Amino acid sequence: MSTGVVKSPVPRARGPRPGSLPWLLKKQLLWQWQALTGGQRAGLYIALGVLILGVLGGYFALRSVLSGLPLSAPLPDAALGPVLLAQAFFVTLMLSAAVRASLVTLFTRGDLDLLLQSPLPPRVVLASRALGVALSAALPAGLLVVPLTLALLVLGVGRGGLGLLLWWWSASLLASGAGLWLTLGLVRVLGVRRTRTVSAVLGALFGAGIFLATQWANFSGGRGQRSNAVVEALSSFAPGQGGWPGREAWLWLPARAAWLEPLPALVLVLLSLAVFAVSVLALTRQFVNGAQEIAAPEGRVRQARARSGGLRFASGSRATLLKEWRLIGRDPELLSRTLLQLVYLLPLLFSVTRGGGLRAAGGTGVVLLTASLTAALAHLTLNAEDAPDLLVSAPRSPAALRRDKWLAAVLPTVLIGLVALSVLALRGALGTSHTLFLVPLLLLGTGGTALMVLWQPLPVRRADAFKRSQRAPLLNTVLTLVFQGGLSATAFAASSGAVWGLATLTLAVIALAVAYGLRRSDVR
């Protein structure tokens, strides 16, 4: 009688099989949640609070509107136009988020070399990343869509709630496919490094497109007439009216799908799945090529330098300024912030001739926005230095280097502010004396804001410059707000010659003096 060793069965790990698409998607979602909340439970509590408030607000807002409507019938023709315009707004937000998320998810995380060298098929890796991009694209619209969906379900409007949810996920898949094509197409033409910059620009422009569209009346003049024309055009945006096609046309398919009409909903789901699948299948090779470019950038840089005929060096202040401006031009996050601030400045420049209040707002906005932009630039040039040991060993004094870095943050914003004030003056919104008074305020706002950053250094890595954990102390933030707010109030008072502007100017100078008294040296 033989005896053998009885082997206990190896317990299988719970969850999806390692290396499979669900497993990669789970890791992708965990990474995105960590990036969104910083790994803290407070983010979850805030999200739940916002969701509850949104559901309550949507419930009370829709209860009276939907009380007398036949909820089981198709969506009325008069409602298709507004619903389609709202969907266009959400798609713009989704596309903006998808462009930014595509670059971060595909090429910025730094783990692609490990994944592509593993036995995992590159197509599976790209599919998991593309689904993560779809989730990122869905988040901006989800802040409104999810509470609205839950409110509709609570009210018993299952058709509207489920249809809206179906449209939301289908639109996020379409936005993800469009973001992948745009990002990987740019990578093929421009390379990964330049694509980071261009993607930040496109993401900011997509996100600000709707804002600029709402300000079209200010751009084109004749505000009252243009506003009436816009209202009339929107009221006639319906099937069979104003030259628009009938209800059965493809134009109205997304709006009808959001109300869960069977054929439009089926077409939208199949179209979104097909676009997403084709995007993953067609872009796998380009995805691998982009990842290989990241893994071996040095050789290509040396080849490019060899073709250009060697290196050329600048000296002195010019070298420092060029170095800082080149690094700023390669920073996607800063470029997107800069573009958004400039976009918000455009309506001021085109609306200042509409009245005295807006004229005052024009000069005030220029002073405030340029000072705010200077703070972001100074944070990069003065604080975000990845090689401080090289600066210490440089053949220049620390004071000269700090001065050059300060100038690198101030000069671009001063130039932008001077151009904006010149536009205001040429359009007759600012008188000569008013413009001459605003120029010193502009110089004081930009230079003083950069000095406050210089006096209270916060050394960070450039990659972490805009993370939530890398924020200035509360006192520094308060002093900066008081300084910028005081100068902006002074600019506003100057438009009417109000004497109280001297008090706000004194308050701003006091805030600057307090920041100087609390100054400390850079520990690096």
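Residues numbered from 1 in each chain as written. Predicted model: local features only at pLDDT ≥ 70, side-chain atom pairs only at ≥ 80, totals over all residues. Heavy atoms only, no water.

## Details of the overall build of the chain
If you tally the helices and strands in the chain, you get 20 helices and zero strands. A buried classification covers 38% of the 524 residues belonging to the chain. Restricting to contacts in the chain with at least 6 residues of sequence separation, those with at least 24 account for 79%. As presented, the chain carries roughly 28,300 Å² of accessible surface, and 67% of it is formed by carbon and sulfur atoms. (Helix = DSSP H or I, 4+ residues; strand = E, 2+ residues; numbered from the N terminus. Buried < 20%, exposed > 50% of the residue type's maximum accessible area, 1.4 Å probe, protein only. Contact = heavy atoms within 4.5 Å. Areas by Shrake-Rupley, 256 points an atom, 1.4 Å probe, with all protein chains shown as cover.)

## Some thoughts on unusual backbone geometry
Most of the time, phi is negative for any residue but glycine, and the peptide bond is trans. A positive phi angle, close to 65 degrees, is found at Leu-260, a residue other than glycine. Mapped onto the elements, Leu-260 comes out in the loop between α10 (253-257) and α11 (262-295).

## Quick look at helix α20 (residues 501-517)
Helix length check: α20 (17 residues) gives 24 Å between terminal C-alpha atoms against 24 Å at 1.5 Å per residue, within 8%. Among all positions of α20, only Gly-501, Thr-504, Ala-508, Ala-511, Leu-512 and Ala-515 are buried. Considered in projection along α20, the buried side chains sweep an arc of 95 degrees and stay on one side of the axis. Structural note: α20 exposes Leu-502, Ala-503 and Gly-517 on the side pointing more than 90 degrees away from its buried face. Where the residues of α20 are buried, they touch α18 (432-455) and α19 (474-496). (Expected span 1.5 Å × (residues − 1). Arc of directions from axis to C-beta.)

## Focus on the packing of aromatic side chains
Summed over all chains, the structure comprises four aromatic pairs. For the ring pair Phe-90 and Trp-167, a centre distance of 6.4 Å and an interplane angle of 55 degrees mean the geometry is tilted. Placement of the pair is Phe-90 in helix α3 (residues 77-108) and Trp-167 in helix α6 (residues 158-190), with a sequence separation of 77 residues. Accessibility assignment for this pair places Phe-90 and Trp-167 in one class, buried. (Phe/Tyr/Trp six-rings, centres within 6.5 Å; stacked < 30°, edge-to-face > 60°.)

## Here's the deal with a nonpolar patch on the surface
A surface patch of nonpolar side chains, amounting to about 440 Å² of accessible area, comprises Ile-52, Leu-53, Leu-56 and Phe-60. By the element assignment, Phe-60 lies in helix α2 (residues 41-65). (Patch = residues over 30% accessible without salt bridge, like charges linked within 9 Å, V, L, I, M, F, W, Y side chains within 5 Å. Salt bridge = Lys/Arg side-chain N within 4 Å of Asp/Glu carboxyl O.)

## Examining the confidence of the model for the chain
Per-chain confidence: the chain averages 75 in pLDDT, with 67% of residues scoring 70 or above. Low pLDDT, under 50, characterises residues 297-302; the predicted model gives this stretch one contact beyond four residues in sequence or across chains. (pLDDT = per-residue confidence, 0-100.)

## Thoughts on the packing of α18 against α19
One way to put it is that α18 packs onto α19 with a least axis distance of 10 Å and a crossing angle of 180 degrees. Regarding the angle of α18 to α19, the classification is roughly antiparallel. Contact with α18, carried on its side by His-434, Phe-437, Leu-438, Leu-441, Leu-444, Gly-445, Gly-448, Thr-449 and Met-452, involves Leu-479, Thr-480, Phe-483, Gln-484, Leu-487, Thr-490, Ala-491, Ala-494 and Ser-495 of α19 and no other residues of that element. Partitioning the contact of α18 with α19 into residue classes produces 10 nonpolar, eight polar and no charged. (Axes fitted to C-alpha atoms, helices over the stretch in contact; angles between N-to-C directions. Parallel < 35°, antiparallel > 145°, perpendicular 65-115°, else oblique. Nonpolar A, V, L, I, M, F, W, Y, C, P; charged D, E, K, R; others polar.)

## A closer look at the packing of helix α5 (residues 122-154) against α6
The contact between α5 and α6 brings their axes to 8 Å, and the two run at 165 degrees. Viewed along their axes, α5 and α6 adopt a mutual orientation that is roughly antiparallel. Classified by chirality, the crossing of α6 by α5 is right-handed. Broken down by class, the residue content of the contact of α5 with α6 amounts to 21 nonpolar, seven polar and no charged. (Left-handed = near helix turned anticlockwise from the far one by under 90°.)

## Structural notes on the pattern of salt bridges
One pass over the structure, following the stated rule, counts five salt bridges. The partner of Asp-77 in a salt bridge is Arg-247, with the nearest N and O atoms 2.6 Å apart. Here the residue Asp-77 occupies a position in helix α3, and Arg-247 occupies one in the loop between α9 (223-235) and α10, the gap between them amounting to 170 residues. The class of Arg-247 is buried, set by a relative accessible area of 18%. The partner of Asp-404 in a salt bridge is Arg-403, and the shortest N-O contact between them spans 3.5 Å.

## Structural notes on the nonpolar core
The biggest cluster of nonpolar side chains holds 30 residues, and the ones touching the most others in it are Met-94, Ala-141, Val-145, Leu-152, Trp-167 and Trp-168. Of all the secondary-structure elements, those providing two or more residues to this core are α3, α5, α6, α10 and α11. Ignoring sequence-local partners within four residues, the contact set of Met-94 consists of Ala-137, Ala-141, Trp-168, Ala-171, Ser-172 and Ala-175. Met-452, Trp-455, Ala-491 and Leu-512 belong to the second-largest nonpolar core, a separate cluster that totals 19 residues. (Core = buried A, V, L, I, M, F, W, Y, C linked by side-chain atoms within 4.5 Å.)

## With respect to the environment of Leu-283
Turning to its location among the elements, Leu-283 is positioned in helix α11. Setting aside its immediate chain neighbours within four residues, Leu-283 contacts Leu-126, Leu-180, Trp-181 and Leu-184.

## Side note on the side chain of Gln-286
Tracing the backbone through its elements, the reader meets Gln-286 in helix α11. Exposure remark for Gln-286: the relative accessible area of 15% places this residue in the buried category. Beyond its immediate chain neighbours, meaning those up to four positions away, Gln-286 contacts Leu-184, Val-187 and Arg-188.

## Notes on the environment of Gly-497
In this structure, Gly-497 sits in the loop between α19 and α20. When the C-alpha positions of Gly-497 and His-434 are compared, they lie 9.3 Å apart, and in sequence the two are 63 residues distant.

## Regarding the side chain of Ser-128
With respect to the element layout, Ser-128 can be found in helix α5. We classify Ser-128 as buried; its relative accessible area is 2%. With near-sequence residues (within four places) excluded, Ser-128 lies in contact with Leu-21, Leu-24, Leu-25 and Gln-28.

## A word on the environment of Leu-377
Within the secondary structure, Leu-377 sits in helix α15 (residues 356-383). Leu-377 gets classed as buried once you look at its relative accessible area, which sits at 7%. Placed 28 residues apart in sequence, Leu-377 and Lys-405 show a C-alpha to C-alpha distance of 9.8 Å.

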